Amino acid sequence: MTHPSLYKYLNDQGDFICENGAESRTTYFPLCGPTARNIKSAVTPYLSGDIKIDKDRYLTKPVSTQDLRNPLRSFYLHTPSGVFSVGDPHDDHITTAIEAGQLWFDVTRTHAKHGLSTSVLTFVPSNGDNVELIRFRVTNVSDQDLTVTPTAAVPLFARALSNKHDHEHVTSLLHRTRQTQQGVIVTPTMRFNEEGHLANMDVYFVAGCEGDGTAIQGTFPTIESFCGAAGDLFRPEAVVKNHAPVTLSEEELNGKEVAGALRFKTVTLKPGASRDYIVMTGMVSHTNKVAEVFERYSSTQNVEAALAANIKYWADKTESIVFRSGDENFNAWMRWVVLQPVLRRIFGCSFLPDHDYGKGGKGWRDIWQDLLSLILIEPEQIKSMLVDNFAGVRMDGSNATIIGSGPGEFVADRNAISRVWMDHGVWPLQTVMLYVHQTGDYGILLKEVPYFKDRLLSRTRKKDDLWTDKEGNTHRDESGEEVRGTVIEHLLIQHLVQFFNVGEHNIIRLEHADWNDGLDMAYRRGESVTFASFYAGNLVLLAQTVEDLADELDLSELELSREVQILLDTLGSPIDYNDIKAKTALLFEQYCNAVEPNSSGEKVRVEIRDLARDLRKKGEWLFEHIRRQEKVTVGPHTWFNGYYDNVGQRVEGECDDVVRMTLTGQVFPLMSGLADDKDIEDVIESVRTYLKDPKLGGFRLNSDFKKDHYLELGRAFGFAFGTKENGAFFSHMIVMYAFALYKRNAVHAGYEVLKSIYDMSVDTDQSRIFPGVPEYFDSTGLGMYHYLTGSASWLVLTQLTQVFGVVGHRGDLSLHPKLVKEQFSDAGTSGVSCHFASKRIHVNYENPQQLDFPAYGIGSVGVNGQVLDLNDAIEPSVTVPRSMIESCDGDVEITVKLVARK
């Protein structure tokens, strides 16, 4: 398929050019330093955006998407024929071309009338300096000498996000501004907060020079001195009237909004000649450090050296996983998808224009799903991170919802409205087991971790009014000692609790929401069938896991907290799983009362075979219950109901002649193993019928319920259909649907789903995004909430472990390709490079007969030339022993020849 893409890749690193990138004022590109403590920026083809470090330190004014129509990084050239404003969106004489890569952005704006072209290169250095660098390169593209007077401006906000609308003027009165030989410095006296003002130590600055080190001519430090009474940042009076810079008095400087405008000397350029101008916007901890930063970047040579280091730094990040399918554009696009989880670790879920919410932190689901890609890159490096995260689990199976900044740091929820997301228990097991299989490290399951404690009890049904911050956030026994449990115990509690936490249809309660945050109004009677399927599959997985643990570590027993016995038939008092009242009484009246507000701290030893039998029994019972009760049929189509609402009504099916269907409701019955082969076929056809958009080719999160709101289920249905959680093309769930299809060997259907996301992303006439996958597409195909989405981690996971079939299994390497014919090159090759067993491995699939899945099997495997013995069998998958890979020197070349299956 030929995509109407606005960009063209220059190499396999993902560098691209974009000839018509200025067609959208709200298309943005991310820039950042190496950690969450560094500068984070957004830049557009018109140089708009913002620059910040965190919620309390915005160097420039915070922007949401529509604010991108306003200028930020301005560069003006005053000429005898008028003013060329490089970021001016209204001048029809300007043409725009973009070249960008990881993570740098270069936009060239050429003005035919003035005969001038300006290349604007923007990036944040990778060495940790909190500064954004811009190199303006002005070129005379006319056939005559041109005289220009350049001026640059980056207005400084220099305060907190909250001050954009809260005391914006009052907080400007805190500014203490200085003019220097390098630029403009502002040091606010305080961090303004009516709950408690704090002294400010942060120093914000805009500094600059010419590319050869020549100093600026002066500054226009305030908005008043730069724009004048009648001007604005598009047409500032100081530029239009070519005012000379002046030194302002303290009265004129202090307590004012800061323009950060720099005037360079007037220069005459010969035809074809260029001149560079460097502008730095940054923040330091002391005024003296401004000069240190300035010296590091005060020439074109220094800036280009920093750019080279920046390019290498980000290339090293995205070379961790490199795909080599038959589509070079797809391979380059995936380089950006691989980068996205890294960006989310730095930005959190905030700080880009679409993400105008939150304070830069992450939620519980985020910390586990972002680790998926890290595990695939460097699993040995994140063991402690995995273990520490379990300190957020409460003994009632719920978890902390406010994530601290340090490893394993969780904060008590003091909000007036405390919530529990019922899906939160499923994600840690999926993440930990990926780590276990990639490394073979079953010992992690026996690491001991504390439990989280705050005022919330019994999954928010009760509150501990005696608890205070002074007691800390760890669960304690009756004598005040910290209670610790193994990682496997934390996982068991998360799942066993939910088995008993059921509503009137014997399905796990929806509580305040599940993965779909928009289903947040059914606490009383809502139930989530789809995540009940996920929990059921996880219970079966836990049974297998404890059996494997016993096998790997030669164990017969596990030590568990005494109270966990209450939740186990083989150790507690067996109850009828069909008895809803008995199940909820066991959970809240027996178990929760036993562990809240303190538990005994006592341990018991449990036979692993009995534990596995109990877990498997529960999981399979729940599977069968859902199979029997939750199938929906409309005409010839059958699928799974996903939910019950707050009046106890089934959500999916036909209601008032409207067919209601959710994609989420189908994903986890497939992924968990609940659905049989016939169910899978039925779901695929039903999804194609009711959720696949015939025009855009994508898959919607739900069908159109034809309701202006659905107050018995959640806020999502108040959104316009085709936006956010109401019927948008939601990448995260679409990718998980594809993952489930591949996992269940519905490969061609899975490929159709993944290809729909790729096609919508690169159809930039509609998506209006740079390379990568957004959180969702709306009904027009517009990509929304780009870059910071959990779908990127799942897409990398799906491509590597399911499509290319490269994944660990109990520490060994499993190769199980599920590539379709179109994914091989003309020569019949496809492959991927990644990390495994602390080695860089290159897996190369050779398919000279151009066989389609599932017509091929594995005919031979070579590991650095050493042939693996397959016993003459042609199977769809093969296991390469970890020891074989570890014994290789340097990179490991794995050649897999695919042949026709007999």
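Details of the structure are given in the entry above.
Worth saying up front: this structure is predicted, and the values here are computed from it rather than measured.

Draft legend 1. Region of the structure containing the overall build of the protein. Within the protein, the secondary structure is distributed over 21 helices and 48 strands. Relative to a compact globule of 902 residues, whose C-alpha radius of gyration would be 29 Å, the protein shows 30 Å and is just as compact. Counting all 902 residues of the protein, 61% fall into the buried class. Put simply, the protein shows about 33,200 Å² of open surface, and 47% of that area lies on carbon and sulfur atoms.

Draft legend 2. Layout of the sheet that holds strand β39 (residues 774-777). Pairing is antiparallel in the open sheet, where 3 strands are placed in the order β38-β39-β40. The sheet is open, and its two borders are formed by β38 (729-730) and β40 (783-786), each paired with just one other strand. Where β39 meets β40, 3 bridges bridge the pair, whose relative direction is antiparallel. By the bridge assignment for β40, Y776 is matched with M784.

Draft legend 3. Spotlight on the environment of I493. Mapped onto the elements of the fold, I493 is located in helix α11 (residues 487-500). A sequence separation of 247 residues divides I493 from V246, and the C-alpha atoms of the two residues are 69 Å apart. Setting aside residues no more than four positions away along its own chain, I493 makes contact with R394, M395, G397, Y451, V564 and Y591.

Draft legend 4. Summary view of unusual backbone geometry. Cis geometry is found at the peptide bond from Q102 to L103, where omega equals -20°. Here F853 and P854 are connected by a cis peptide whose omega angle stands at 5°. With respect to the secondary-structure elements, P854 resides in the loop between β44 (839-846) and β45 (856-863). Not every positive phi belongs to a glycine, and D657 is a case in point at roughly 65°. In this fold, D657 is placed in the loop between β36 (653-655) and β37 (658-660).

Draft legend 5. Molecular detail of helix α20 (residues 791-803). In terms of residue burial, α20 counts as a mostly covered element, since 13 of its 13 residues are buried. Positive phi shows up at G805, right after α20, with a value of about 65°.

Draft legend 6. Representation of the environment of G49. Of note, G49 is situated in strand β5 (residues 49-54). Between the C-alpha atom of G49 and that of V63, which follows or precedes it by 14 residues, the distance is 6.5 Å.

Draft legend 7. A look at the packing of aromatic side chains. As enumerated under the stated definition, the model contains 45 aromatic pairs in all. With a centroid separation of 5.5 Å and an interplanar angle of 55°, the aromatic rings of Y7 and F16 are classed as tilted. A connected cluster of aromatic rings, assembled from ring pairs, spans Y7, Y9, F16, F29, F105, W336 and F770. Over the aromatic face of F157 sits the side chain of R159, whose NZ or CZ is 4.1 Å from the ring centroid. Here K724 stacks its cationic end above the ring of Y785, 4.7 Å away from the centre of that ring.

Draft legend 8. Structural detail: the pattern of salt bridges. Per the stated rule, a full pass over the model turns up 56 salt bridges. With a shortest N-O distance of 4.0 Å, D106 and R135 are connected by a salt bridge. Of this pair, D106 sits in strand β10 (residues 104-111) while R135 is found in strand β12 (residues 131-140), placing the two residues 29 residues apart along the sequence. Classification of R135 as buried rests on a relative accessible area of 7%. In this structure, E752 and K692 form a salt bridge, with 2.7 Å as the shortest nitrogen-oxygen distance. Of this pair, E752 sits in helix α18 (residues 747-762) while K692 is found in the loop between α16 (677-690) and β38, placing the two residues 60 residues apart along the sequence. Since its relative accessible area comes to 31%, K692 is described here as partly exposed. Each of D106, R135, R137, D276 and E304 takes part in a single network of salt bridges with overlapping partners.

Draft legend 9. Inspection of the nonpolar core at higher detail. Ranked by size, the top nonpolar core spans 254 residues in total, and within it F29, W333 and V806 carry the most contacts. Grouped together as the second largest cluster of nonpolar side chains are 20 residues, W104, F123, C209 and Y297 included.

Draft legend 10. The arrangement of the packing of α11 against helix α12 (residues 529-553) in detail. Remark: α11 packs on α12, axes separated minimally by 10 Å, with the N-to-C direction vectors making an angle of 145°. For the crossing formed where α11 meets α12, the hand is left-handed. Every residue of α12 that contacts α11 at I488, L491, L492, Q494, H495, L496, Q498 and F499 is listed here: Y535, N538, L539, L542, T545 and V546. Residues belonging to the contact of α11 with α12 are distributed by class as follows: 9 nonpolar, 5 polar and no charged.

Draft legend 11. Quick look at the sheet that holds strand β6 (residues 57-58). Strand order in the open sheet formed by 4 strands is β3-β4-β5-β6, and the pairing between neighbours is antiparallel. Of all strands in the sheet, those bounded by a partner on one side alone are β3 (29-32) and β6. The sheet contacts of helix α7 (residues 328-347) involve β3 and β4 (40-43), and relative to β3 the element is tilted by about 55°.

Draft legend 12. Summary view of the environment of W336. Relative to the helices and strands, W336 resides in helix α7. Judged by its relative accessible area of 2%, W336 is buried. Once residues within four sequence positions are removed from consideration, W336 is found in contact with Y9, G14, F16, F29, G101, Q102, L103, P771 and G772.

Draft legend 13. Highlighting α12. The terminal C-alpha atoms of α12, which comprises 25 residues, lie 36 Å apart, in line with the 36 Å expected from a rise of 1.5 Å per residue. Measuring from the backbone nitrogen of F531 back to the side-chain oxygen at the start of α12 gives 3.3 Å, which picks out S528 as the cap. D554 occupies a position one or two residues after α12 and carries a positive phi of about 55°.

Draft legend 14. Structural detail: the packing of α12 against helix α15 (residues 664-672). It is at 7 Å that the axes of α12 and α15 come closest, and there the two elements cross at 15°. As far as their axial angle goes, α15 and α12 are roughly parallel. Where α12 crosses over α15, the handedness of that crossing is left-handed. Contact residues: T530, F531, S533, F534 and G537 in α12; T664, G665, F668, P669, M671 and S672 in α15. Taken together, the residues that form the contact of α12 with α15 break down as 5 nonpolar, 6 polar and no charged.

Draft legend 15. Spatial organisation of the pairing of strand β42 (residues 812-815). With 4 bridges joining them, strand β41 (residues 806-809) and β42 adopt antiparallel strand pairing. When the bridges of β42 are listed, V807 appears paired with S814. Connecting β41 to the next strand, β42, in antiparallel fashion are 2 residues, including R810 with a positive phi near 55°. Both β42 and strand β47 (residues 878-880) contribute to a ladder of 3 bridges, which runs antiparallel. Looking at the pairing, L813 lines up with V880 of β47.

Calculation notes
Residues numbered from 1 in each chain as written. Predicted model: local features only at pLDDT ≥ 70, side-chain atom pairs only at ≥ 80, totals over all residues. Heavy atoms only, no water. Helix = DSSP H or I, 4+ residues; strand = E, 2+ residues; numbered from the N terminus. Rg over C-alpha atoms; globule rule 2.2 N^0.38 Å. Buried < 20%, exposed > 50% of the residue type's maximum accessible area, 1.4 Å probe, protein only. Areas by Shrake-Rupley, 256 points an atom, 1.4 Å probe, with all protein chains shown as cover. Pairing = 2+ DSSP bridges. Contact = heavy atoms within 4.5 Å. Phe/Tyr/Trp six-rings, centres within 6.5 Å; stacked < 30°, edge-to-face > 60°. Lys NZ or Arg CZ within 6 Å of the ring centre and 35° of its normal. Salt bridge = Lys/Arg side-chain N within 4 Å of Asp/Glu carboxyl O. Core = buried A, V, L, I, M, F, W, Y, C linked by side-chain atoms within 4.5 Å. Axes fitted to C-alpha atoms, helices over the stretch in contact; angles between N-to-C directions. Left-handed = near helix turned anticlockwise from the far one by under 90°. Nonpolar A, V, L, I, M, F, W, Y, C, P; charged D, E, K, R; others polar. Expected span 1.5 Å × (residues − 1). Polar contact = N/O pair within 3.5 Å; in protein donor to acceptor, adjacent residues only side chain to side chain. Parallel < 35°, antiparallel > 145°, perpendicular 65-115°, else oblique.

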